[in-house]
Number of protein chains: 4
Amino acid sequence: MNGNEFGRLFRLTTFGESHGDAMGCTVSGVPAGVELSEEAIQEDLDRRKPGQSMITTSRGEPDKVSIKSGLQDGYTTGTPIGMVIQNKDARSGKYEPFITAPRPSHGDYTYSAKFGTRNWGGGGRSSARETVNWVAAGGVAKQVLAQSDYDVQIKAHVCQIGDVVADDVTWEEMLEHSEDNEVRCGDPDAAEEMRDLADEYQKEGDSIGGAIYFECRGVPRGLGAPRFDSIPARLGQAMYSIPAVTDFELGIGRDARTATGTDYTEDWEFGESEATASENASGDEPRARGDPKPVGNDHGGIQGGITTGDPIYGEVTWHAPVSFPKTQETVDWETGERKEITVTGRHDPVLPPRAVPVVEAMLYCTVLDFMLLGGRINPDRLDDRPGEYDTDYHPSSPRNDPEDADTHATTVDED
Amino acid sequence: MNGNEFGRLFRLTTFGESHGDAMGCTVSGVPAGVELSEEAIQEDLDRRKPGQSMITTSRGEPDKVSIKSGLQDGYTTGTPIGMVIQNKDARSGKYEPFITAPRPSHGDYTYSAKFGTRNWGGGGRSSARETVNWVAAGGVAKQVLAQSDYDVQIKAHVCQIGDVVADDVTWEEMLEHSEDNEVRCGDPDAAEEMRDLADEYQKEGDSIGGAIYFECRGVPRGLGAPRFDSIPARLGQAMYSIPAVTDFELGIGRDARTATGTDYTEDWEFGESEATASENASGDEPRARGDPKPVGNDHGGIQGGITTGDPIYGEVTWHAPVSFPKTQETVDWETGERKEITVTGRHDPVLPPRAVPVVEAMLYCTVLDFMLLGGRINPDRLDDRPGEYDTDYHPSSPRNDPEDADTHATTVDED
Amino acid sequence: MNGNEFGRLFRLTTFGESHGDAMGCTVSGVPAGVELSEEAIQEDLDRRKPGQSMITTSRGEPDKVSIKSGLQDGYTTGTPIGMVIQNKDARSGKYEPFITAPRPSHGDYTYSAKFGTRNWGGGGRSSARETVNWVAAGGVAKQVLAQSDYDVQIKAHVCQIGDVVADDVTWEEMLEHSEDNEVRCGDPDAAEEMRDLADEYQKEGDSIGGAIYFECRGVPRGLGAPRFDSIPARLGQAMYSIPAVTDFELGIGRDARTATGTDYTEDWEFGESEATASENASGDEPRARGDPKPVGNDHGGIQGGITTGDPIYGEVTWHAPVSFPKTQETVDWETGERKEITVTGRHDPVLPPRAVPVVEAMLYCTVLDFMLLGGRINPDRLDDRPGEYDTDYHPSSPRNDPEDADTHATTVDED
Amino acid sequence: MNGNEFGRLFRLTTFGESHGDAMGCTVSGVPAGVELSEEAIQEDLDRRKPGQSMITTSRGEPDKVSIKSGLQDGYTTGTPIGMVIQNKDARSGKYEPFITAPRPSHGDYTYSAKFGTRNWGGGGRSSARETVNWVAAGGVAKQVLAQSDYDVQIKAHVCQIGDVVADDVTWEEMLEHSEDNEVRCGDPDAAEEMRDLADEYQKEGDSIGGAIYFECRGVPRGLGAPRFDSIPARLGQAMYSIPAVTDFELGIGRDARTATGTDYTEDWEFGESEATASENASGDEPRARGDPKPVGNDHGGIQGGITTGDPIYGEVTWHAPVSFPKTQETVDWETGERKEITVTGRHDPVLPPRAVPVVEAMLYCTVLDFMLLGGRINPDRLDDRPGEYDTDYHPSSPRNDPEDADTHATTVDED
């Protein structure tokens with residue numbers, strides 16, 4: 001309702017502004033028994049953090065995550081994971097002259113129109129900085145999925161910057177190349193061109209739009225729900241939550257406008273998708289002849305809003321960053337004056353390179369949420385199959401060693 | 001969670017399958033005191049209903065809505081509006097030979113994979129027939145908005161079928177022309193071409209994709225919420241709930257990929273948008289010099305996820321209908337056989353013409369939900385401004401005529 | 001938010017007013033494959049319906065439920081169950097002289113204060129008539145639970161009317177006797193006294209308060225969630241949703257005020273509760289030595305907000321019905337006059353006898369909701385254990401008979 | 001769903017365990033423009049904190065709250081309030097010998113049965129320590145209400161410990177005396193007896209139950225919603241979320257069992273309640289003759305689930321603390337042994353004295369939530385009446401001083 005929460009069974013609740021004291025994220029719905037590594041979360045945060053390359057803002061934020069709750073001896077206990085990320089390089093003082101004169105195309109005016117105030121220290125809560133919380137939550141979801149019985153894999157890469165369009169890449173190429181270059185593109189040649197283009201716009205004091213392609217593999221078939229909670233509906237919310245997104249395509253996307261029914265529809269054959277392999281890995285017996293599988297994947301892994309087991313893929317478009325050091329015109333609603341405004345400082349010339357981990361995070365969160373809703377992962381404890389419950393501890397917990405039981409006293413400090 | 005509910009303060013909950021007994025929709029969050037007309041709802045249902053033209057399925061459904069609750073003397077009472085629409089031309093028997101052999105690209109397989117069963121009488125709950133409920137709910141939202149202090153107007157039209165692309169049309173052209181032709185296109189020349197193209201595909205026993213352009217005017221500035229409940233996020237869910245959608249663009253959409261920051265950003269000037277006019281109509285005093293207003297509307301009425309007061313616009317893409325009478329291949333997961341399947345019967349050759357009222361309905365519902373969440377409409381009673389409460393009846397209610405009060409007995413039949 | 005919805009994964013959404021056209025309830029979250037009987041639901045509705053005995057209102061409502069969706073050949077399909085119950089004996093005309101003069105202690109004034117209007121045909125949506133929808137939903141939940149792998153049993157009876165207090169009864173006595181007498185009390189002697197007392201108040205034109213005791217058996221241990229979604233928290237909402245409730249006690253309830261810690265706490269021993277028996281029935285292997293089990297059940301089946309496997313029990317109190325044919329005083333807020341008012345008509349002299357099926361319904365709904373949230377029942381399909389998914393139909397579905405497959409054509413009538 | 005969230009428009013999301021690193025609470029739905037004081041929150045935290053008197057546990061927690069987000073120059077901005085409270089005196093090591101042998105009547109067994117693990121450092125998330133988050137959130141709600149146009153006042157006191165029952169106290173007596181004594185009782189004589197009783201049980205190594213009476217004044221009439229979101233339903237959830245609660249009575253509560261209809265119902269007269277005074281303070285014009293007001297308040301401020309404007313009152317019962325240093329019996333589910341267990345350490349002998357601020361906090365949160373849902377407080381900005389929106393800053397914000405506008409450059413450091 002208030003914009004701070006995402007998900008149903010797997011839920012994140014976030015706080016924090018760009019130039020506030022700290023960012024924070026509470027993650028609910030993590031089953032007990034997951035070995036949760038702060039370091040693994042940090043790796044994704046590092047992929048998003050500012051200052052990682054010449055084509056990102058030089059704001060110096062280590063984005064160091066600290067887990068405050070929900071863990072015991074490195075394993076989740078089923079209680080919420082509280083995470084805090086301290087802001088280290090906030091500089092809010094610089095903005096004050098323009099409190100009542102909004103920067104063009106930022107959220108300055110709209111936040112003021114809604115709240116009667118806003119954080120004048122930068123974008124406040126509208127800043128993309130806030131996605132640091134999402135990446136932290138995604139890092140939790142990723143680890144839950146990795147330790148589940150399913151082999152879900154998610155990856156994104158930058159497929160377009162300005163007029164530089166990457167070639168279609170295979171899943172393997174995306175995995176191999178996309179983290180090797182500063183623009184996070186799976187096509188090395190295009191990556192180089194993109195990098196040059198971004199440099200050029202940065203030098204000119206301008207910025208440029210772009211797009212990301214993503215793929216989710218191993219998501220089991222039969223996941224999702226009819227109508228308003230279909231996979232597309234919830235991905236639609238997830239992708240359009242990301243700041244500066246102006247387009248979200250699923251499967252063949254916009255090209256569907258000109259495709260005929262005979263082109264678009266796909267016959268059924270017997271086969272094995274990554275997802276059925278993933279399910280088989282989870283202990284289900286494979287069938288000799290395989291399972292029904294569509295010939296082709298123009299449908300993007302979804303039919304009737306529910307998964308077929310084929311890869312879910314799509315593309316997301318970002319408009320150009322609206323912060324760049326050109327002089328622009330604004331008005332002051334307090335004084336009635338027209339004013340010139342020049343937004344100097346530290347900016348990204350293009351958004352998708354740093355948005356790759358954000359897209360992946362929202363996909364991890366959304367897929368895990370559907371896995372829990374669809375009963376594929378035990379909501380209370382990861383190491384049991386859903387429906388199997390006993391009071392034994394999971395293997396990772398220290399056991400009560402009878403040798404130690406020389407005392408019958410337990411000390412408890414109630415709060 | 002289960003896909004049957006949409007919205008937060010203005011909520012719809014639906015039931016019904018394509019070939020079941022009845023469709024139904026419960027609408028919560030309608031303020032008291034709205035004069036609600038079944039006929040007005042019916043008008044929108046008639047724009048969506050099958051058999052309205054040669055390029056729609058010939059299934060014979062009157063789609064007659066019946067309001068079961070929430071009204072007194074034609075005015076809402078604040079309690080939920082229950083609506084039922086009887087199915088009249090369901091023919092489920094025909095499908096049975098293919099219970100375990102899914103139709104290509106329908107939801108047959110995925111529903112079976114999820115539920116272990118499905119309605120074999122057509123698409124069941126995955127059928128676009130279910131959007132009849134949404135249009136009924138949208139018809140309620142439209143009437144609430146029309147009687148509010150704001151002048152919100154929403155319209156959509158078909159902007160592309162196959163390779164026929166309509167010219168950009170003005171708001172007035174869209175209003176004037178789009179309901180005049182069977183494809184619901186605001187560009188009469190393109191409409192004719194689109195109609196011919198649809199005919200052609202229908203004759204060939206094939207189908208074709210297309211797209212809708214929409215616009216929301218008069219939505220007040222400052223509406224929406226940060227992050228996961230931004231206007232884009234909730235529109236993303238709304239538009240991607242619609243069956244067969246493969247792309248949703250907001251504002252300049254996909255074109256943002258190649259736009260620079262200087263191109264995309266818009267200076268601020270003083271002016272008056274439809275929305276501020278709408279707000280002024282609601283009793284707020286206009287300012288002599290106007291309000292801050294962006295020069296241009298590449299931003300599509302939204303900055304930082306919150307409205308600027310400029311029109312919200314975008315485009316939605318549908319893939320071609322997957323029902324057409326060509327022979328296709330499928331497999332029977334029970335017998336292991338490969339089979340040929342021919343889906344005869346009554347189909348649409350293209351989806352957008354009948355999806356226009358569906359898009360409008362989802363926009364009405366979403367905008368009203370945000371108006372309630374943003375405190376622009378009194379959630380309990382329409383005829384008071386928010387925050388003004390007394391126990392007087394609204395003018396539309398019959399008053400207690402003292403002349404009639406010749407008795408002090410009231411009879412109550414408790415259930 | 002608007003008061004029409006209850007539950008999380010198992011959800012009901014209701015519409016309807018006491019003297020409106022129809023009552024209705026949409027139930028979401030019913031797994032596919034449940035054999036759902038309208039007759040079984042009707043049995044519970046008949047226990048709640050008016051006119052069933054001399055100590056209930058004589059309003060003539062058959063309360064005949066009609067299922068509109070979600071079923072195929074008698075089995076659920078996983079899609080929402082839409083139910084409609086037509087009102088047959090609504091008589092709203094009689095109330096009009098008192099539109100602006102509220103009946104004492106009804107919802108007349110408060111509904112008017114909120115909505116600026118109200119249904120002057122009786123209680124409108126505040127009427128206990130609306131619980132007909134809850135009993136219908138509870139009838140669905142009961143059948144889902146009965147066909148699950150667990151042996152959950154729920155029963156309630158009237159334990160007090162006025163100063164007549166029933167003896168403590170065993171589970172078996174409650175089952176045996178409580179539906180044998182018109183007051184629904186498991187203690188036959190007290191039942192007779194209660195009946196006489198109710199008669200007496202009815203003759204005097206007065207009414208009286210009372211209470212219900214309930215018990216839930218076989219609820220598996222480990223169900224519930226910490227804090228705001230604990231079993232007590234959600235039961236608190238459920239029981240206090242019922243009109244005219246003024247007290248809800250769990251376990252030893254109010255008596256806990258004077259119990260010491262040593263009295264209240266219960267040692268652990270090895271044993272078997274109904275719940276572990278229920279779990280063992282569900283396929284889990286019993287342990288030779290039993291499971292930990294508290295010595296006694298002052299805790300009411302709940303510790304730390306989560307179930308121990310022992311019976312959950314408690315008591316709910318109702319104030320006296322506020323409709324009775326004595327002359328009372330009111331004021332007319334339109335005319336400023338003081339007025340005498342006599343509420344003649346058809347009333348219950350005491351509420352608990354007809355509230356027994358309502359309490360049971362809310363318990364069935366709440367327990368099932370927790371069973372789904374806790375992963376004990378597969379949310380998509382009842383006949384598989386959670387986590388086991390394939391595309392085979394459940395045994396109750398008609399199979400594709402190869403003999404019939406003499407045609408490869410399937411006819412589909414798209415809406 | 002997962003137990004970490006409470007409320008609808010005003011929402012809290014909490015994390016933290018008794019012996020973890022930190023407790024935390026994110027509060028959503030706070031309007032912008034509220035002057036929020038950390039010190040004021042701290043005052044309530046200090047009333048709840050351990051070690052405040054001889055009859056509370058001696059665990060040494062300063063419970064110092066730190067606000068991490070949502071504030072600018074001391075005023076809220078409409079974005080979420082993130083709060084963290086560091087744990088300082090956690091001592092988890094002491095419990096380990098009893099990992100697989102549950103303490104009697106704690107959540108040890110049930111948490112293990114649910115999650116397959118638990119925090120063996122005390123109660124973990126089931127500990128009453130977690131209510132520190134609730135009191136912090138309540139402290140935010142209290143300040144929002146205090147700065148609203150309404151004069152809502154909430155107070156609770158301990159009305160019973162063991163068999164010591166306080167006399168009925170007036171609102172003024174409760175305000176004057178209840179914070180003057182360590183048991184927080186508004187009847188000074190009873191307070192002394194209660195204190196002695198608590199001492200006695202503490203000396204014996206035992207504990208005792210008790211109860212709290214609460215009152216909410218100035219809540220405007222017409223607040224609440226029908227059915228599942230009635231005031232009683234949401235208070236039922238709120239009060240039963242509090243650990244160790246076994247009874248919740250509203251209005252005359254359990255006594256309603258023996259009250260007749262004529263006793264219970266209350267005629268209407270013209271008058272002025274605190275709530276109408278509160279509304280009048282909010283700018284509504286008083287009526288010459290007053291408003292309809294019930295003669296008496298047996299109804300506890302609620303009719304038909306919605307407020308009348310009279311005080312809402314009720315009582316809540318706690319069972320005795322289950323931690324005390326007597327030897328008890330338990331079983332080890334790992335070894336199959338029976339064991340003796342003695343829970344030494346620091347405990348409260350009775351819960352209500354420290355639960356007073358917890359009850360008040362949950363009431364503040366619930367009432368504010370209903371005020372927002374009922375449109376009584378502008379959800380976006382406190383200093384405007386609902387429905388009045390402009391882009392001016394609220395008076396508390398620093399304005400753009402034209403003298404300072406000697407530069408047209410604003411520096412922004414995007415993250």
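Worth saying up front: this structure is predicted, and the values here are computed from it rather than measured.

What counts, and where the lines are drawn
In every chain, residue numbers begin from 1 and rise along the written sequence. Chain A is the first chain written and ligand 1 is the first ligand written, with later ones labelled in order. pLDDT decides what is reported in this predicted model: residues at 70 or higher carry local features, side-chain atom pairs at 80 or more are listed and counted, and totals for whole chains, interfaces and linings draw on all residues regardless. Side-chain figures throughout are based on the complete set of non-hydrogen atoms in the structure, without hydrogens or water. Strands here mean DSSP runs of E at least two residues long; helices mean DSSP runs of H or I at least four residues long; both are numbered from the N terminus. Contacts are assigned to residue pairs that have any heavy atoms within 4.5 Å of one another. Computed with a 1.4 Å probe, the accessible areas rest on the Shrake-Rupley method; for each residue, only the protein chains presented here act as cover. UniProt positions are given in the numbering used here, feature names are shortened, and annotations may be inferred rather than shown by experiment. Buried residues are those whose accessible area, probed at 1.4 Å on protein chains only, stays under 20% of the maximum for their type, while exposed residues exceed 50% and partly exposed ones sit between those limits. How far a helix is expected to stretch is found by multiplying one less than its residue total by 1.5 Å. Least-squares fitting of one copy onto the other uses the C-alpha atoms of those residues that reach a pLDDT of at least 70 in both copies. Note on definitions: buried area is the accessible-area loss of two parts on being combined, 1.4 Å probe, summed for both. We count a salt bridge whenever a side-chain nitrogen from Lys or Arg sits within 4 Å of a carboxyl oxygen from Asp or Glu. Each polar contact in these results corresponds to two N or O atoms within 3.5 Å; when the atoms are within protein, one needs to be able to donate a hydrogen and the other to accept it, and residues that are neighboring in sequence are counted only if both atoms are side-chain atoms. The criterion for strand pairing is that DSSP finds at least two bridges linking the strands in question. In this description, a line fitted to the C-alpha atoms serves as the axis of each element, helices being fitted only across the stretch in contact, and the angle between N-to-C directions of two axes falls anywhere from 0 to 180 degrees. Side-chain rings of Phe, Tyr and Trp, where Trp is taken by its six-membered ring, are said to pair if the distance between their centres is within 6.5 Å; with planes under 30 degrees apart they count as stacked, over 60 as edge-to-face, and otherwise as tilted. Count a disulfide wherever a pair of cysteine sulfur atoms falls within 2.5 Å. As a working rule, the residues Ala, Val, Leu, Ile, Met, Phe, Trp, Tyr, Cys and Pro are called nonpolar, Asp, Glu, Lys and Arg charged, and the rest polar, with Gly in that last group. In these notes the angle categories are as follows: under 35 degrees is roughly parallel, over 145 is roughly antiparallel, 65 to 115 is roughly perpendicular, and the rest is oblique. With the far helix as reference, a near helix turned anticlockwise by less than a right angle produces a left-handed crossing, and one turned clockwise produces a right-handed crossing.

A. Expanded view of the overall build of chain A. Per the secondary structure count, chain A includes 9 helices and 19 strands. In chain A, once contacts between residues fewer than 6 apart in sequence are set aside, the share between residues at least 24 apart is 71%. Within the structure as shown, chain A displays about 11,500 Å² of accessible surface, and the carbon and sulfur contribution to it stands at 43%.

B. The arrangement of the UniProt feature "binding site: FMN" in chain A in detail. Mapped onto the present numbering, the UniProt feature "binding site: FMN" falls at R125, S126, S127, G304, H319, A320, P321, V322, S323 and R346 of chain A. Tracing the sequence through the fold places P321 of chain A in the loop between β16 (312–318) and β17 (327–331). In contact with P321 of chain A, other than residues within four places in its own chain, are S207, I208, D348, P349, V350 and L351 of chain A together with G261 of chain B. Checked against the element boundaries, V322 of chain A lands in the loop between β16 and β17. A residue is classified by how much of its surface remains accessible, and V322 of chain A, at 11% relative accessible area, is buried. Beyond its immediate chain neighbours, meaning those up to four positions away, V322 of chain A contacts P104, S105 and H106 of chain A together with Y264 and T265 of chain B.

C. Molecular detail of helix α9 (residues 352–373) of chain A. For α9 of chain A, spanning 22 residues, the distance from its first C-alpha to its last is 30 Å, which sits close to the expected 32 Å at 1.5 Å a residue. Just downstream of α9 of chain A, G375 of chain A is the residue with a positive phi angle, here 70°.

D. Region of the structure containing the relation of the copies chain A and chain B. The two copies are related by a screw motion: chain A maps onto chain B through a turn of 180° and a shift of 0.0 Å along the axis, at an RMSD of 0.0 Å. In short, the pair behaves as if placed about a two-fold rotation axis. When the interface residues of chain A are mapped onto chain B, 100% of them again fall at the interface, so both copies present the same face.

E. Expanded view of the interface of chain A and chain B. With 107 residues of chain A in contact, the opposing surface of chain B contributes 107 residues. When the area that chain A buries against chain B is broken down by residue, the three leading residues are R227, F228 and R257 of chain A, summing to 12%. Taken together, chain A and chain B are joined by 10 salt bridges. Across the pair R257 of chain A and E249 of chain B runs a salt bridge, and its minimum N-O distance is 3.4 Å. Joining chain A to chain B, the criterion identifies 63 residue pairs in polar contact (both at pLDDT 80 or more).

F. Looking closely at the sheet that holds strand β2 (residues 11–15) of chain A. Residue and element names in this part refer to chain A. Spatially, the 5 strands line up as an open sheet ordered β1-β2-β3-β7-β4, and their pairing is antiparallel. The sheet is open, and its two borders are formed by β1 (5–6) and β4 (65–67), each paired with just one other strand. Sheet analysis places β1 next to β2, joined by 2 bridges and oriented antiparallel. Looking at the pairing, E5 lines up with T13 of β2. Against the sheet, helix α1 (residues 38–48) contacts β4 and β7 (81–86), and its axis sits at roughly 150° relative to β4.

G. Highlighting the pattern of salt bridges. All names here are of chain D. Scanning the model with the defined rule gives 140 salt bridges over all chains in all. When the shortest N-O distance is used, the salt bridge between R47 and D44 registers 2.9 Å. Of this pair, R47 and D44 both sit in helix α1 (residues 38–48), 3 residues apart, which is roughly one turn of the helix. A salt bridge links D310 to K293; the shortest N-O distance between them is 2.8 Å. With a gap of 17 residues between them, D310 in the loop between β15 (306–307) and β16 (312–318) and K293 in strand β13 (residues 291–294) connect regions that are remote in the sequence.

H. The UniProt feature "binding site: NADP(+)" in chain A, seen in detail. All names here are of chain A. Look at the UniProt record and you will see "binding site: NADP(+)" annotated at R48. Inspection of the secondary structure assignment puts R48 in helix α1. The class of R48 is buried, set by a relative accessible area of 2%.

I. Structural view of the side chain of Q328 of chain A. Checked against the element boundaries, Q328 of chain A lands in strand β17. Given a relative accessible area of 6%, Q328 of chain A falls into the buried group. Reaching out from Q328 of chain A, the side chain makes a polar contact with the side chain of T265 of chain B at a distance of 3.0 Å. When sequence neighbours within four positions are dropped, the list of residues in contact with Q328 of chain A reads P104, K339, E340 and I341 of chain A together with T265 and D267 of chain B.

J. Fine view of the sheet that holds strand β3 (residues 22–28) of chain C. Residue and element names in this part refer to chain C. Taken in spatial order, the 5 strands of this open sheet run β1-β2-β3-β7-β4, and their pairing is antiparallel. Whereas interior strands pair on both sides, the edge strands pair on one side only; in this sheet they are β1 (5–6) and β4 (65–67). Bridging between β4 and strand β7 (residues 81–86) involves 3 bridges; their strand directions are antiparallel. When the bridges of β7 are listed, I67 appears paired with M83. Contacts between helix α3 (residues 131–146) and the sheet are confined to β2 (11–15), β3 and β7, with β3 contributing the most and set at about 35° to the helix.

K. Here's a closer look at the side chain of H319 of chain A. Mapping H319 of chain A onto the fold places it in the loop between β16 and β17. Apart from the residues within four sequence positions on either side, H319 of chain A is in contact with G209, A244, T246 and L351 of chain A together with A256 and Y264 of chain B.

L. Region of the structure containing unusual backbone geometry. The phi dihedral of S105 of chain A is positive, around 65°, even though this residue is not glycine. With respect to the helices, strands and loops of the structure, S105 of chain A is situated in the loop between β7 and α2 (108–115). Take S105 of chain A: its relative accessible area is 8%, and that puts it in the buried class. For R227 of chain D, which is not glycine, the phi dihedral falls at a positive 55°.

M. Region of the structure containing the packing of aromatic side chains. All names here are of chain B. For the coordinates displayed, the defined rule picks out 32 aromatic pairs over all chains. Arranged with centres 5.8 Å apart and planes meeting at 55°, the rings of Y111 and F115 form a pair that is tilted. Of this pair, Y111 and F115 both sit in helix α2 (residues 108–115), separated by 4 residues, roughly a single helical turn. Centroid distance Y213 to Y313: 6.2 Å. Interplanar angle 35°. Geometry classified as tilted. Here Y313 lies in strand β16 (residues 312–318) and Y213 lies in strand β10 (residues 210–217), a separation of 100 residues in the sequence. Each member of the pair, Y213 as well as Y313, is classed as buried.

N. Quick peek at the pairing of strand β7 (residues 81–86) of chain D. All names here are of chain D. A large share of β7 lies buried, amounting to 5 of its 6 residues. Sheet topology note: the strand β3 (residues 22–28)/β7 ladder contains 6 bridges and is antiparallel. From the neighbouring strand, A22 faces β7, where its bridge partner is Q86.

O. Local environment of the state of the cysteines. Inspection of every chain in the model, using the stated rule, returns 0 disulfides over all chains. Cysteine C185 of chain A remains unbridged, with the sulfur of C159 of chain A as its closest cysteine sulfur at 8.0 Å. Relative accessible area serves as the criterion here: at 0%, C185 of chain A is assigned to the buried category. C365 of chain C supplies the cysteine sulfur nearest to C25 of chain C, a cysteine that is in no disulfide, at a spacing of 7.8 Å. The buried category is assigned to C25 of chain C, whose relative accessible area is 1%.

P. Molecular detail of helix α5 (residues 188–203) of chain D. Residue and element names in this part refer to chain D. Between the first and last C-alpha of α5 there are 23 Å, a value that for 16 residues agrees with the 22 Å anticipated at 1.5 Å per step. Taken together, the buried positions of α5 are occupied by A190, A191, M194, L197, A198, D199 and Y201. Sitting at the amino-terminal end of α5 is D187, which places a side-chain oxygen 3.1 Å from the backbone nitrogen of D189. Positive phi appears at G205, one or two residues downstream of α5, with a value of about 70°.

Q. Local environment of the packing of α1 of chain A against α9 of chain A. Residue and element names in this part refer to chain A. Contact geometry of α1 with α9 gives a least axis separation of 7 Å together with a crossing angle of 140°. Touching D44, R47 and R48 of α1 are R354, V356, P357, V358 and E360, all from α9. The residue makeup of the contact of α1 with α9, split by class, is 3 nonpolar, no polar and 5 charged.

R. Spatial organisation of the packing of helix α6 (residues 231–241) of chain A against helix α6 (residues 231–241) of chain B. Two elements in contact, α6 of chain A and α6 of chain B, have axes separated by 7 Å at closest approach and are oriented at 155°. Of the possible angle classes, the one that applies to α6 of chain A and α6 of chain B is roughly antiparallel. Once α6 of chain A is placed against α6 of chain B, the crossing between them reads as right-handed. Seen from α6 of chain A, the contacting residues are P232, A233, R234, G236, Q237, Y240 and S241 of chain A; seen from α6 of chain B, they are P232, A233, R234, G236, Q237, Y240 and S241 of chain B. When its residues are assigned to classes, the contact of α6 of chain A with α6 of chain B shows 6 nonpolar, 6 polar and 2 charged.

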